[in-house]
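Notes for the structure review
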Amino acid sequence: MSLILAEISDGIGTITLNYEIKRNALSEQLVLEIAATFEKFKAERVRVAILRARPGAKVWSAGHNVAELPLGGLDPLGWQDPLRMLIRDVEAFPAPVIALIEGGVWGGACELVFACDMIVATPEATFAATPAKLGVPYNATGLLTFLNAAPPHIAKELLFTSRPMTAARLERQGIINHVVPAAEITDFTHEMAQTIAHNSPLAIGVMKEQLRILAAAHALSPADFERIQGLRRVVYNSRDYAEGINAFKEKRTPVYLGE
Ligand code: YXS
């Protein structure tokens, strides 16, 4: 059974997350299906991609599939992790990706939405970044996504509190492009996509890639790289990391001891 729906119409490709039973958790299978769809969209020279959940969704995505977060001293967000692959796919897709948001966006899905080129959300949509709640040592490129999308104090409030933020608050911060009522959001987003689709796809694709390169242009010394890896290893080898994952699986509140 496919975990997404995909369609192309008038040069606009739409991917609909369709894994409601697990609240559109970003499992490896779902991520691979999105990646394959992006390849199909590329072959069909799609000019805009829209990433959405089913209309009326209460949860847009519950984030990384917690059941796929490794224990036993493995990096939970390494290069080959499905969420990391999905973020890179969105950033590398040669046309704008618009996130159409209804419902709650959680954890790694919050980063996924922030990595999209534009965000259109309903007033009821909420956004929560959850590494702190789960005890996960988020990775450097993931944190850079937050830092490139949000003012540092807002990024830190999202990351340190794990509390959902409203679409209105994020729109005031310039993170969300438009807040649109649910009844109008599909047409609104398609109208914006059609405007883009009538412009030069070459110019847009090259500007998108330049903006990606510029946003990622940070000098990091080998010593800094090794320090980051060492700091993260302490966390994913910690009792707290295992506690966060196990508490989620046991549907209880985690107790963090800072070790
Ligand atoms: O118990 P069953 O088998 O029915 O499955 C339940 C949930 O276990 C499952 N599910 C998930 N499975 C894997 N990974 C997930 N992230 C996940 N979220 C949910 O889906 C079934 C229905 O869930 P339920 O009963 O809780 O639905 P609900 O409608 O009452 O509540 C919806 C949510 C989204 C509020 C609730 O499911 C929830 O709080 N989910 C976890 C949100 C979250 O903390 N996500 C962060 C995942 S970790 C991540 O993204 C990064 C690694 S990080 O943390 O670093 O950002």
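So, how was this worked out
- Numbering of residues starts from 1 in every chain and runs along the sequence as written.
- In keeping with the predicted nature of the model, local features appear solely for residues at pLDDT of at least 70, side-chain atom pairs appear and are counted solely at 80 or more, and the whole-chain, interface and lining totals rest on all residues.
- Working from all heavy atoms in the structure, the side-chain values ignore hydrogens and water.
- Numbering of helices and strands runs from the N terminus; a helix is a DSSP stretch of H or I covering at least four residues, while a strand is a stretch of E covering at least two.
- The globule rule used here is 2.2 Å times the number of residues to the 0.38 power, and the radius of gyration it is set against is calculated over C-alpha atoms.
- Only protein chains enter the accessibility calculation, which uses a 1.4 Å probe; a residue is then buried when its area is under 20% of its type maximum, exposed when over 50%, and partly exposed in between.
- Note on contacts: a residue pair qualifies if any of its non-hydrogen atoms lie within 4.5 Å across the two residues.
- Values of accessible area rely on a 1.4 Å probe in the Shrake-Rupley scheme; residue burial ignores everything except the protein chains shown.
- Charged-residue counts in this description rest on Lys and Arg as positive and Asp and Glu as negative, His and the chain ends being excluded.
- Charge positions are represented by NZ for Lys, CZ for Arg, CG for Asp and CD for Glu.
- Buried residues of nine kinds, namely Ala, Val, Leu, Ile, Met, Phe, Trp, Tyr and Cys, make up a nonpolar core once their side-chain atoms join them within 4.5 Å.
- Surface patches are drawn from residues lacking salt bridges whose relative accessible area is over 30%; two like charges belong together within 9 Å, two nonpolar side chains (Val, Leu, Ile, Met, Phe, Trp, Tyr) within 5 Å.
- Here, a salt bridge means any Lys or Arg side-chain nitrogen found within 4 Å of an Asp or Glu carboxyl oxygen.

1. Observations regarding the overall build of the chain
- The number of helices and strands found in the chain is 11 helices and 10 strands.
- Computed over its C-alpha atoms, the radius of gyration of the chain comes to 18 Å, within 12% of the 18 Å expected for a compact globule of 259 residues.
- Counting the 259 residues in the chain, one finds 46% classified as buried.
- Taking the intrachain contacts of the chain between residues at least 6 apart in sequence as the baseline, contacts between residues at least 24 apart amount to 71%.
- With the model as given, the accessible surface of the chain reaches about 13,000 Å², and the carbon-plus-sulfur share is 58%.
- Separation of charge centres in the chain, based on 25 positive and 28 negative side chains, amounts to 4 Å.

2. Some details on the nonpolar core
- With 59 residues, the main nonpolar core has Phe38, Trp60, Ile101, Val113, Phe114 and Phe127 as its most contacted residues.
- Of the residues forming this core, the biggest block, six residues, is contributed by helix 3 (residues 108-115).
- Among residues more than four places away in sequence, those in contact with Phe38 are Ile15, Ala49, Asp89, Val90, Phe93 and Val97.
- Grouped together as the second largest cluster of nonpolar side chains are 14 residues, Ile12, Ile50, Ile185 and Ala197 included.

3. Observations concerning a nonpolar patch on the surface
- There is a patch of nonpolar side chains on the surface, built from Met207, Leu211 and Leu214 and spanning about 340 Å² of accessible area.
- Looking at the element boundaries, Met207 is found in helix 9 (residues 201-215).
- You can call Met207 partly exposed: its relative accessible area is 46%.

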